[in-house]
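# A look at the structure
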Amino acid sequence: MLDRIQAVLVNENPRQPYTDEKIAEVMHIRRERVIELRKTLGIPDSRERLKSKLITECKVLISKEPSISVRALTTLLNSMGYDISRHLVKLVRDELMQRAPEISLKSNMSQRTTGPDGDGFENMIGWNGGLLTQVNQAKAAIAYPPNGLSTLIIGPSGTGKTLLAENMYRFAVKKKFLKEDAPFIAFNCADYADNPQLLISQLFGHVKGAYSGAVEDKKGLVESADNGILFLDEVHRLPSEGQELLFYLLDKGEYRRLGDSNNTRSVNVRLIAATTNSPESSLLLTFRRRIPMVIMIPAITARPLRERYAIIRQFFIEETEKLNRRVVIEGDAIKILLQYHCFGNVGQLRSDIQVCCAESFLRCLVENLDEIRITAELLEKLKIDIDSWAMNDIELNHLSRELILDPLYENSKWHDEELSESSQVTIYQEIQSALDEMVKNGVDDEESLHLVRMKIDAQLRTLRSGIKDMRTVAKENIWDSIVNKSTMKAVEHALESVQAQFPEMEPNLKGVLSIHIDAVINALSVGNYIRNADLGSVRQNFPEEYAVAVLMLRQISKALNLDIPNEEAIIIAMYLKAYSSKQSGGRIRVVVLTHGQVGKAMADVANKMLDVNNAVGISMDLNESSDVAFERVCDLISHIDEGQGCILLVDMGSLVSFGQKITERTGIQVRCVARVDTLMVLDALRRANLGEEYTVDALAQALEAGRLYGISATGISRGKPPVLITMCITGEGNARSIRTLLETSFPGLKGNIEIIEMGLFNRNELLEKVNKIKSTKEILAIIGTINPDLSNVPFFSLNYVLTGHGTLALTNLLSQNAIIKHSLADLTSPALILWHPKVSSKNEIIDQLTAQLVSEAFVKDAFLLSVYKRENLGDTCLNMGIAIPHGDAAQVNRPAIAVAKLEHSIDWAAGIAVDFVFLFAFDENCAKYVEIFYEKTRNENWLECLKKTETKEEILNLLRM
């Protein structure tokens, strides 16, 4: 037996040594027996045998080119027949440096840790993708002369606010805005929130006798942070007195220690603060005014799916390092982690992954297993609300593949560069998969070719858009970044030679064919080439393409000085046919983008009603920036487009600009239509799916012409005609842009109300113009970028108008003048309606309804407590079997109504049972909706219809009446 194992090992490839499993398979014995025999002979395991060979060859390569990067060295070694990761290569290179320090290696940290600019943000997954806007804001805040801008970072718990602050410090040091020894002082205000005096003492220091227990002078964190950065986490827990002291510090650069009324101290401190709360409700206005830079960090649900996968992968890599064992994560487990609603964001995701790894590790010890396996069963508890988040099924399925991590082979840190690297692997796999499908189906008709071609095109669009996102590769060099230049050149010349025979040849063909030829060459070089399928039918069905393909293959082989197998001509012929014919088929895809979960619900309802799968809903977090949302929509449209373009239906006019931008980014024709509702989605699907011939432009025009605005064209208020004024400090030109934005965001304004543009150069001239307007018209409000402070005229900042609260406030103002008609359906959606929930008490239904509002980010967590406090003040029910609980407006992020139709009546108050519960999350601008609700409840016919409703949609229709 010992002789047999030695004989097997003699024949192994030293660059890809046999694992114990492989030896066991060859010898038809158990793996445990192989290990026993190997140890008896003193033979190291496959990792050590590989490492020994690798060290020898790396030493030779590095001595020839000392400045070679880890990335280039890995590529070179794999081309020699290895199959290894960059991490293993780095380990070997570092070991060689320790053994032979005379080997001079240039630092190539830009390949892995500091990015191409060496700016310190590259440890944040998404630094050049979903978080690009936030990173640029952070850089601008640090770089702004002379001493940067004070910054407030806002985002839910666990989103990475502290990490961003730390990276801002690293950036400041790397770029010489701060000295290398500059301090970074971090302090969590919540630690001392119950003792305001001690909190202020921690920040500003105190003098002896300042308070009981102050037995000596003590400097504070502000002083410790002099000439550096002070980071205050949970700054909303800082009392008003402390905020005022910080305001003075930011304003004057001076402060006093607690208890010292005489001595003023000067410091040069850059302030970064972070909060999970709304600044308007928790921070003083004077303090907020001294923090010009506000950075919004999105929740993990608002991040691109590929970034969430990268985060998951990184966390598993970290656990693999700790466990020092091979870890296998099943595809279904990854799918759960990609989908579940992670309320604690990245922090909770890390904890959940650690828990499942710990549970699997325990099983591994108990059952004496060699590897740690993460299964879907370990994550069963996370599947509770997995359907509450809209997902892109195509990308989800692509990412949900088994992931194998080994502490030696696979332990390379994940960063965004690997997105582009993995794209190369993905495109090869996609093409190979397409070819396999051709073989399986026989490929004897053009329809089969077209279906395969669509799959490849979708992957190519993803690849191109991903590279453009990185902003590091010029447009004309996109293919150069993943395909050997000589291969690309050979294919290009071959295609040019047959251009006359195929005048309708598409530009994509060059890239697709180059990738395929490159893959064939790689397979030949390592002895893995297999092409034994019988594709003879291609020669018969596409004789012209096959004849040309044979000539092209000879030309490419000659140019590359290679002998490429003749059977590859069959594949080239299929590509020629697929990319040189006018293709029909494919649908205009319908994408619904809304704040909250409404868009997904609309898309689901419309798909089910018409029995199609064309509409896709995207949820946009209320705190999500438009840049982040734009990137997610680009990714989705790049994946789902079928060649006919896409209609993007949005809930707010401010998102309408996405259409043209997406077209410019992806090359896909996209048109945007605002003020979406379910009827519009149904109409779009009907026209796009049921046989009507439409272009994207024609479909958009049809939807805009047919939609119901909810606008009263004749309802202008009595007396003077109302007007709105748009104003900008830079003049009427920008004020005109504001007008255009308003008319887009509030359909029905145009033609129903006059909008006047004005600049703010001279206040006297402004007052004269305004007084002249007032003489004949009623000024409803001024909307702009600066407040002119005119008495008796409301002012709305443009940023405020484009938020949920601001939109509602302006809508209320316009509705008072009969310009826009209100509807209770404005504030609810199918996701906020519970149908026959399993409850038996008042508290249970309040809890469930509030949970819906919290999950959709309409209210803060503290809203639930405020509802119970209100209930303690008195009953909140009406005599007709309806309860109307409500909470504190300060805990409302965005107004909403959550509704429950109960299967069985429950007692709400003494002697009063209810069948319906309407939980109001209202703010100060919602008085009109309260009035509408009470009017409806006084209508007996409306109440009778409400009781007879049988679906959520019927309830929504009643609320629209």
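The structure under discussion appears in the preceding block.
Throughout what follows, the structure given in this document is the object of discussion. (Residues numbered from 1 in each chain as written. Predicted model: local features only at pLDDT ≥ 70, side-chain atom pairs only at ≥ 80, totals over all residues. Heavy atoms only, no water.)

Turning our eyes to something else, we now look at the overall build of the protein chain. Within the protein chain, the secondary structure is distributed over 38 helices and 23 strands. Going through the 961 residues of the protein chain one by one, you find that 52% of them count as buried. Of the contacts formed within the protein chain by residues at least 6 apart in sequence, a portion of 73% connects residues at least 24 apart. For the protein chain, the computed accessible surface area is about 44,200 Å², with 49% contributed by carbon and sulfur atoms. (Helix = DSSP H or I, 4+ residues; strand = E, 2+ residues; numbered from the N terminus. Buried < 20%, exposed > 50% of the residue type's maximum accessible area, 1.4 Å probe, protein only. Contact = heavy atoms within 4.5 Å. Areas by Shrake-Rupley, 256 points an atom, 1.4 Å probe, with all protein chains shown as cover.)

Looking now at the sheet that holds strand E14 (residues 670-673). The 4 strands are arranged E12-E11-E13-E14 in an open sheet whose pairing can be described as parallel. At either end of the open sheet lies a strand with only one pairing partner, and these are strand E12 (615-620) and E14. Pairs of neighbouring strands in the sheet enclose a mean axial angle of 20°, with direction left out of account. With 6 bridges connecting them, strand E11 (residues 589-595) and E12 associate as parallel partners. Paired with valine 590 across the strands is alanine 615, a residue of E12. This element, helix H26 (residues 626-640), spans E11, E12, strand E13 (646-650) and E14 of the sheet and lies at about 160° to E12. Here helix H27 (residues 658-666) sits on the sheet and contacts E11, E13 and E14; the angle it forms with E14, its principal contact strand, is near 165°. (Pairing = 2+ DSSP bridges. Axes fitted to C-alpha atoms, helices over the stretch in contact; angles between N-to-C directions.)

Next up on the list: the pairing of E11. Most of E11 sits inside the fold, with 7 of its 7 residues counted as buried. Of the two faces of E11, the one carrying Arg589, Val591, Leu593 and His595 and the one carrying Val590, Val592 and Thr594 are both buried. Inspection of the sheet shows E11 paired to E13 by 5 bridges, in the parallel sense. Across the sheet, the residue bridging to arginine 589 is cysteine 646, located in E13.

Our focus in this paragraph is helix H37 (residues 940-948). Residue pairs three or four apart in sequence face the same way in an α-helix, which turns once every 3.6 residues. Regarding H37, the residues found buried are Trp942, Leu943 and Leu946. Seen along its axis, H37 keeps its buried residues to an arc of 100°; they face one direction. In H37, the exposed positions that point more than 90 degrees away from the buried face belong to Glu940, Asn941 and Lys948. If you check the start of H37, you find a side-chain oxygen 3.0 Å away from the backbone N of asparagine 941, and it comes from asparagine 939. (Arc of directions from axis to C-beta. Polar contact = N/O pair within 3.5 Å; in protein donor to acceptor, adjacent residues only side chain to side chain.)

With the rule as written, the count across this model stands at 10 aromatic pairs. Geometrically, the ring pair formed by tyrosine 169 and phenylalanine 184 is tilted, given 5.3 Å between the ring centres and 45° between the ring planes. You can see tyrosine 169 sitting in helix H8 (residues 161-174) and its partner phenylalanine 184 sitting in strand E2 (residues 184-188), a full 15 residues away along the chain. Look at phenylalanine 184 and you get partly exposed, because its relative accessible area is 23%. Between phenylalanine 630 and phenylalanine 658, the aromatic rings sit 5.5 Å apart at their centres with planes inclined by 75°, giving edge-to-face as the arrangement. Separated by 28 residues along the polypeptide, phenylalanine 630 in helix H26 and phenylalanine 658 in helix H27 bring together distant segments of the chain. In this structure, phenylalanine 630 and phenylalanine 658 share a single accessibility class: buried. (Phe/Tyr/Trp six-rings, centres within 6.5 Å; stacked < 30°, edge-to-face > 60°.)

Within the element layout of this structure, isoleucine 68 appears in the loop between helix H4 (46-64) and helix H5 (70-79). Judged by relative accessible area, isoleucine 68 falls into the buried class, the value being 8%.

For the rest of this paragraph, the subject is the packing of H4 against H5. Orientation of H4 relative to H5, taken along the N-to-C sense of each, is 120°, at an axis distance of 11 Å. Put simply, H4 runs oblique to H5. Crossing hand, H4 versus H5: right-handed. From H4, Leu54, Cys58, Leu61 and Ile62 reach across to H5, where they touch Leu73, Leu76 and Leu77. The class makeup of the residues in the contact of H4 with H5 is 7 nonpolar, no polar and no charged. (Parallel < 35°, antiparallel > 145°, perpendicular 65-115°, else oblique. Left-handed = near helix turned anticlockwise from the far one by under 90°. Nonpolar A, V, L, I, M, F, W, Y, C, P; charged D, E, K, R; others polar.)

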